[in-house]
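# Chain and residue survey
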Amino acid sequence: MNTTSALFYLFSAVLLVSAFMVITARSTVHSALYLVLAFFNASCVWMLLRAEFLAITLVLVYVGAVMVLFLFVVMMLDISTDKLREGFWSHFPLAGFVGVLIALEMYLVMKSGFNLPAAKAMPEAVMKLGNTRALGVEIYTQYLYPLQVAAVLLLVAMIAAIALTMRQRKDSRSQNPSEQVRVKAADRFRIVKMDAVIEAPSVPKTPEGDKA
């Protein structure tokens, strides 16, 4: 066994353990940290497979942006996981059956991918460009149309997400910047003249013996 194979098994083992801890950890923050560890080990595996662009993208996008945002949201919301874990073991048999079924489906789908013929060697001119630049050349030449379709789908999904969250709520206290700009001093501030001393009104005295 050479060094590359040993590192592959090491990173794969840590990846599997961290992925299992993501599901079984009792704290949401700990689950997020284990997920960061899983992403980091997956990027190391991709580096061993000479997919530098995918490895760096995984670290920068998911570990550096998405997971940090997720940690901020989890710590600000302070979600109680005790109520979420109620009835876990009662639903475990059905969830385990569905998980095994999905794993078998993935195995049947991916099994044919390992029986492909040998890939064609890339031209010498493309190999001299480097892995990342060669990937960019392939994406923006041969796979330009699928890339544009994926970009349009992501744009539509982003617009739909914004449209779903932009709802008029009666209990929200939002500000209108256009109204704030048009505000004049006379509309918000008024000077009222009042006397410095105001005498208390005299109370008439009632004769003794009279009942109020």
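Source: prediction; values computed, not measured. (Residues numbered from 1 in each chain as written. Predicted model: local features only at pLDDT ≥ 70, side-chain atom pairs only at ≥ 80, totals over all residues. Heavy atoms only, no water.)

## Structural notes on the overall build of the protein
The number of helices and strands found in the protein is 10 helices and 0 strands. Element order for the protein, N to C, with α for helix and β for strand: α-α-α-α-α-α-α-α-α-α. Burial status across the protein gives 11% buried among its 212 residues. Pairs at least 24 residues apart make up 55% of the contacts formed inside the protein by residues separated by at least 6 positions. Summed over all atoms, the accessible surface of the protein reaches about 19,300 Å², with 68% contributed by carbon and sulfur. (Helix = DSSP H or I, 4+ residues; strand = E, 2+ residues; numbered from the N terminus. Buried < 20%, exposed > 50% of the residue type's maximum accessible area, 1.4 Å probe, protein only. Contact = heavy atoms within 4.5 Å. Areas by Shrake-Rupley, 256 points an atom, 1.4 Å probe, with all protein chains shown as cover.)

## Some words on the packing of helix α1 (residues 3-24) against helix α2 (residues 28-48)
One way to put it is that α1 packs onto α2 with a least axis distance of 8 Å and a crossing angle of 155 degrees. Considered as vectors, α1 and α2 are oriented roughly antiparallel to each other. Crossing of α1 against α2: the hand is left-handed. Taken together, the residues of α2 that come into contact with α1 (itself represented by Thr 4, Leu 7, Phe 8, Phe 11, Ser 12, Val 14, Leu 15, Ser 18, Ala 19, Met 21 and Val 22) are Ser 31, Tyr 34, Leu 35, Leu 37, Ala 38, Asn 41, Ala 42, Cys 44, Val 45 and Leu 48. Here the residues of the contact of α1 with α2 are counted per class, giving 16 nonpolar, 5 polar and no charged. (Axes fitted to C-alpha atoms, helices over the stretch in contact; angles between N-to-C directions. Parallel < 35°, antiparallel > 145°, perpendicular 65-115°, else oblique. Left-handed = near helix turned anticlockwise from the far one by under 90°. Nonpolar A, V, L, I, M, F, W, Y, C, P; charged D, E, K, R; others polar.)

## Let's talk about the packing of aromatic side chains
This structure, assessed with the given rule, holds 2 aromatic pairs. Judged by centre distance (5.8 Å) and plane angle (70 degrees), the ring pair of Phe 8 and Tyr 9 falls under edge-to-face. With 5.5 Å between their ring centres and 55 degrees between their planes, Phe 39 and Tyr 62 make a pair best called tilted. Placement of the pair is Phe 39 in helix α2 and Tyr 62 in helix α3 (residues 52-77), with a sequence separation of 23 residues. (Phe/Tyr/Trp six-rings, centres within 6.5 Å; stacked < 30°, edge-to-face > 60°.)

## A word on the environment of Leu 10
Along the polypeptide, Leu 10 turns up in helix α1. The class for Leu 10 is partly exposed, based on a relative accessible area of 47%. Through-space distance from the C-alpha of Leu 10 to that of Asn 41 is 9.1 Å; in sequence the pair is 31 residues apart.

## What to know about the UniProt feature "transmembrane region" (unreviewed entry) in the protein
UniProt tags residues 6-25, 55-77, 89-110 and 143-164 as "transmembrane region" (unreviewed entry). The distance separating the terminal C-alpha atoms of residues 6-25 is 28 Å; by composition the span is 95% helix and 0% strand. Annotated as residues 55-77, this span is 100% helix and 0% strand, and its ends, taken at the C-alpha atoms, are 31 Å apart. (UniProt positions renumbered as here; feature names shortened; annotations may be inferred.)

## Thoughts on α2
Its 21 residues give α2 an end-to-end C-alpha distance of 31 Å, which sits within 8% of 30 Å, the value for a rise of 1.5 Å per residue. Of all the residues in α2, the buried ones are Ser 31, Ala 32, Ala 38, Phe 39, Asn 41, Ala 42, Ser 43, Cys 44 and Val 45. In this fold, the buried residues of α2 make contact with α1 and α3. Where α2 begins, the capping side chain belongs to Ser 27, and its oxygen is found 3.4 Å from the backbone nitrogen of Val 29. Two residues or fewer after α2 comes Arg 50, characterised by a positive phi angle close to 65 degrees. (Expected span 1.5 Å × (residues − 1). Polar contact = N/O pair within 3.5 Å; in protein donor to acceptor, adjacent residues only side chain to side chain.)

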